[in-house]
Amino acid sequence: MTKDPDVYQLIYESNLDSKLEQILIGLMKDNPSHKTEMSIQKFLLYVQQSTENFWTTYYRAKTYQEKLDCYYQFSKNQCLATELLMRDLNSLSSEEEIRDNLGSMLKEGFTF
């Protein structure tokens, strides 16, 4: 049985922009939950697939216009991956808020 790779190692190996790398590491340090880690891993997988697709398409391109089109699509995919990560993280914070609110309501409901 193999152990899942450490999320910090995955972030490092993804060769992300240093700003994005710092954000993801900070996010894991501030909210080290399993759900946050899973959201980041899903994001990193999408980024990896997008990068691999970029290089495959790039090497097949015959003109600079095709290479620029390839890069443009890659940039759009990166933005989409970031939007999906943000949506995942927003839903996690919403779940926590709902759980906290329900806990407060239950506590108030049973207080005499």
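What you see is a predicted model, and the numbers here were worked out from it, not measured in a lab.

A few points about the overall build of the protein chain
What the protein chain contains, in helices and strands, is 4 helices and 0 strands. Listing every helix and strand of the protein chain by position from the N terminus yields α-α-α-α. Sequence separation of at least 24 residues holds for 57% of the intrachain contacts in the protein chain that already meet a minimum separation of 6. Surface summary for the protein chain: the accessible area is close to 8,900 Å², and the carbon and sulfur share equals 57%.

Some thoughts on the nonpolar core
Among the nonpolar cores identified, the biggest contains 11 residues, and these are Val7, Ile11, Leu16, Leu24, Met28, Ile40, Phe43, Leu44, Val47, Ala81 and Leu85. Listing elements by their share of this core, those giving two or more residues are α1 (7-13), α2 (18-30), α3 (34-60) and α4 (64-109). Those residues within four positions of isoleucine 11 in sequence are excluded, and the remaining contacts are Leu16, Glu21, Leu24, Ile25, Ile40 and Leu44.

Describing α3
In a regular helix each residue adds 1.5 Å, so 27 residues correspond to 39 Å; α3 covers 39 Å between its end C-alpha atoms and thus fits that length. Buried within α3 we find Thr36, Ser39, Ile40, Gln41, Phe43, Leu44, Val47, Ser50 and Phe54.

Some thoughts on the confidence of the model for the protein chain
Overall, the predicted model of the protein chain reaches an average pLDDT of 85, with 79% of residues at or above 70. Element-level mean pLDDT values for the protein chain span from 82 in α4 up to 94 in α3.

Things to note about the environment of tyrosine 71
In this fold, tyrosine 71 is placed in helix α4. In this structure tyrosine 71 comes out as partly exposed when scored by relative accessible area, which is 47%. Distance in space between the C-alpha atoms of tyrosine 71 and tyrosine 58 is 7.9 Å, their sequence separation being 13 residues.

Section: the environment of threonine 57
Among the structural elements, threonine 57 can be located in helix α3. Given the relative accessible area of 35%, threonine 57 is considered partly exposed. Between the C-alpha atoms of threonine 57 and lysine 67, which are 10 residues apart in sequence, the distance is 8.1 Å.

Reading the values: rules and limits
Residues numbered from 1 in each chain as written. Predicted model: local features only at pLDDT ≥ 70, side-chain atom pairs only at ≥ 80, totals over all residues. Heavy atoms only, no water. Helix = DSSP H or I, 4+ residues; strand = E, 2+ residues; numbered from the N terminus. Contact = heavy atoms within 4.5 Å. Areas by Shrake-Rupley, 256 points an atom, 1.4 Å probe, with all protein chains shown as cover. Core = buried A, V, L, I, M, F, W, Y, C linked by side-chain atoms within 4.5 Å. Buried < 20%, exposed > 50% of the residue type's maximum accessible area, 1.4 Å probe, protein only. Expected span 1.5 Å × (residues − 1). pLDDT = per-residue confidence, 0-100.

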